[in-house]
Amino acid sequence: MAPEWRAAAAVPAAVLCQGRIPTVDLSAPAGRGELSRQMVRACTERGIFKAVNHGVPPRATARLDAATAAFFARAAPEKQLAGPPDPLGYGSRSIGTNGDVGELEYLILHTNPDAVAHKAKAIDWKDPARFSEVVNEYVEVVRQLACQVLELLGEGLGLSDPTSLSRLITAIDSDSLIRINHYPPSRCTAGDQLKSGGGASIGFGEHTDPQILSVLHANDVDGLQVLLHDVAAGEDVWIQVPPDPSAFFINVGDVLQALTNGTLVSIRHRVMASTNRPRLSTIYFAAPPLHARITALPQTVTAGAPRRYRPFTWAEYKKAMYTLRLSDNRLDLFHIGDGDGAVAGGDDADHE
Ligand SMILES: C=C1C[C@]23C[C@@]1(O)CC[C@H]2[C@@]12CC[C@H](O)[C@@](C)(C(=O)O1)[C@H]2[C@@H]3C(=O)O
Ligand SMILES: O=C(O)CCC(=O)C(=O)O
Ligand SMILES: [Fe+2]
């Protein structure tokens, strides 16, 4: 059964556990059918999994890490030439425009190569072409990984066309983003935390990702936590995700939850800044084109599971999301009230 989500209480009150993030071996030792079942199960029960043997060349991640680490090592006035985030570009501490803050600096880029080339001029004015090439190469390999995952999910969900999810993100006008987060070492040591009652500072506050799928790669510094419902304890618990630079952490976003009528769950997560080494993470947010109409896939709407969300376009969802705070539940705005959900009439995810 899918866990239920609600906003967590104050930061230090959360219970911390380890070891509940499923690992999925993409080399499929048990065969493709078993792989797609494992993936659907992970995304239904947890909303996140760790992908190993994923086939992404280490060179692509190493080159991007080197280029972005060099950028973050620059003096503040130089970095600010690539900001403020509009919402793309360089930002520091402020997240979005509605008052959220975190202990980080970041770059957000649209994955369209023309948009990358444009921003690269402000990010690496000495060699913008090289920066663009490194970003484009990385985007290409993570997009392929995201497509592979969406096709396996499509098969596991029994879609009439298992490519209907992946086609949303390969469209030429897909609105996918790449975000690189740099969390400086925390001034608060483990000893300070114990003295102050355990409160670590927020690197990136709790939220769900709005898009279809998020593909995260990070260095070996921890901080990522996910909120899961512990049925036995009857409460939500923050689970630490042990870092693994050789793996990708793949999570369901709000749009995939809507497309699957709540079968796959968009997981609430956050980053705590509490180590004495910098965390560098890169997230590819796989998104549909702005005009794509998001409506529950027919296979996910049944008499027992009536339609949960009214159809919306990605443009409409984005507009709503930018008016909200990071921790707000955006999908609630599109939730159909009791009694007005329909069983019939859903189309496969369509591009209008
Ligand atoms: C406070 C905000 C930042 C955010 C846009 C928003 O209004 C609500 C969603 C936030 C989020 C979370 C996931 C990604 O990091 C992000 C780029 C996205 O698409 O939605 C951020 C947005 C942002 O930082 O601009
Ligand atoms: O930086 C991280 O590890 C995760 C950040 C995140 O969740 C996001 O940028 O949406
Ligand atoms: Fe996120």
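Residues numbered from 1 in each chain as written. Chains lettered and ligands numbered in written order. Predicted model: local features only at pLDDT ≥ 70, side-chain atom pairs only at ≥ 80, totals over all residues. Heavy atoms only, no water.

**Re the coordination of the iron ion (ligand 3)**
The textbook angles at a metal center are 109.5 degrees for a tetrahedron of four donors and 90 or 180 degrees for an octahedron of six. For the record, the criterion: Coordinating donors are taken as N, O and S atoms within 2.8 Å of the metal, stretched to 3.2 Å for Na, K and Ca; because water is absent from the atoms, sites can appear incomplete. Categorising residues by exposure relies on relative accessible area from a 1.4 Å probe, with only protein chains included: less than 20% of the type maximum marks a residue as buried, more than 50% marks it as exposed, and the intermediate range marks it as partly exposed.
Around the iron ion (ligand 3), the donor atoms from the protein are H207 (NE2), D209 (OD) and H269 (NE2), and they sit 2.1 to 2.2 Å away. Counting residues between consecutive donors of the iron ion (ligand 3) along the chain gives the motif H-x1-D-x59-H. Take H207: its relative accessible area is 7%, and that puts it in the buried class. Taking relative accessible area as the criterion, D209 reaches 4% and is therefore assigned buried.

**Topic: the site of ligand 1**
Selection criterion: Being near a molecule or strand, for a residue, comes down to having at least one heavy atom within 4 Å of it. Distance and chemistry together define a polar contact, namely a pair of N or O atoms within 3.5 Å, with one atom able to donate a hydrogen and the other to accept it when in protein, and with adjacent residues in sequence counting only for side-chain atoms on both sides. Accessible surface area values rest on a Shrake-Rupley calculation with a 1.4 Å probe, where residue burial reflects the displayed protein chains alone. Helix numbering and strand numbering both begin at the N terminus, where a helix is a DSSP run of H or I of at least 4 residues and a strand a DSSP run of E of at least 2. Three residue categories are used. Nonpolar comprises Ala, Val, Leu, Ile, Met, Phe, Trp, Tyr, Cys and Pro, charged comprises Asp, Glu, Lys and Arg, and polar comprises the others, including Gly.
Taken together, 16 residues lie around ligand 1, and R179, P210, Q211, M321 and L324 are the ones closest in. Measuring from an oxygen atom of ligand 1, one finds a side-chain N or O atom of Q211 at 2.8 Å. Between M321 and ligand 1, the recorded distance is 2.9 Å, taken from a backbone N or O atom to an oxygen atom. Protein chains bury 98% of the 470 Å² of accessible surface belonging to ligand 1 in isolation. Elements supplying a minimum of two residues to the shell around ligand 1: β5 (100–110), β7 (201–207) and α9 (314–322). Along the lines of polarity and charge, the residues of the shell around ligand 1 split into nine nonpolar, three polar and four charged.

**Details of the pattern of salt bridges**
Our working definition: The working definition used for a salt bridge is a side-chain nitrogen of Lys or Arg within 4 Å of a carboxyl oxygen of Asp or Glu.
Enumeration according to the criterion identifies 19 salt bridges in this entry. For E155, the salt bridge goes to R32, with nearest N and O atoms at 2.7 Å. Of this pair, E155 sits in helix α5 (residues 128–156) while R32 is found in helix α1 (residues 32–45), placing the two residues 123 residues apart along the sequence. We note a salt bridge from R167 to D161, for which the minimum N-O separation is 2.8 Å.

**Considerations on the site of ligand 2**
Near ligand 2 you find 13 residues, and of these N181, Y183, H269, R279 and S281 are the closest. A distance of 3.2 Å separates an oxygen atom of ligand 2 from a polar atom in the side chain of D209. One of the side-chain nitrogen or oxygen atoms of R279 is found 2.6 Å away from an oxygen atom of ligand 2. Summarising the interface, the protein chains cover 97% of the accessible area of ligand 2, which totals 290 Å² for the free molecule. Those elements that provide at least two residues to the shell around ligand 2 are β6 (177–183), β7, β12 (269–273) and β13 (279–286). The element contributing the most residues to the shell around ligand 2 is β13, with four residues. Its residues assigned to classes, the shell around ligand 2 comprises six nonpolar, four polar and three charged.

**Remarks on the sheet that holds β6**
Whether parallel or antiparallel, the strands of a sheet pair through hydrogen bonds between backbone atoms. This is how it is decided: Whether two strands pair depends on DSSP finding at least two bridges between them. Axis lines are fitted through C-alpha atoms, for helices just across the contact stretch, and the angle between N-to-C directions can take any value from 0 to 180 degrees. In what follows, a contact means two residues having at least one pair of non-hydrogen atoms within 4.5 Å.
The mixed open sheet is built from eight strands, whose spatial order is β2-β3-β11-β8-β13-β6-β5-β4. Each having just a single partner strand, β2 (23–25) and β4 (89–95) make up the two edges of the open sheet. On average, adjacent strands in this sheet sit at an angle of 25° to one another, irrespective of strand direction. The strands touched by α5 within the sheet are β3 (48–52), β5, β6, β8 (213–218), β11 (248–252) and β13, with β8 carrying the most contacts at an inclination of about 125°.

**Quick word on the environment of I294**
As for its position among the elements, I294 is in strand β14 (residues 293–294). Along the backbone, I294 and V116 are 178 residues apart, and their C-alpha atoms lie at a distance of 27 Å.

**Comments concerning unusual backbone geometry**
G83 connects to P84 through a cis peptide bond whose omega is -5°. Looking at the element boundaries, P84 is found in the loop between α3 (76–80) and β4. Residues other than glycine seldom take positive phi values, yet N53 does so here, at roughly 50°. Assignment of secondary structure puts N53 in the loop between β3 and α2 (58–72). In this structure, N261 is a non-glycine residue whose phi angle is positive, near 55°. Along the chain, N261 falls in the loop between α8 (254–259) and β12. The buried category is assigned to N261, whose relative accessible area is 5%.

**Looking at the confidence of the model for the chain**
Inclusion rule: pLDDT runs from 0 to 100 and stands for how confident the predictor is about each residue.
Of the residues in the chain, 87% reach a pLDDT of 70 or more, and the chain-wide mean stands at 89. Across residues 1–18, where pLDDT falls below 50, the model places 43 contacts with residues more than four positions away in sequence or in other chains. Confidence drops under a pLDDT of 50 for residues 343–352, and excluding neighbours within four residues, the segment shows 31 contacts in the predicted structure. Confidence estimates for the predicted assembly give a pTM of 0.91 and an ipTM of 0.99.

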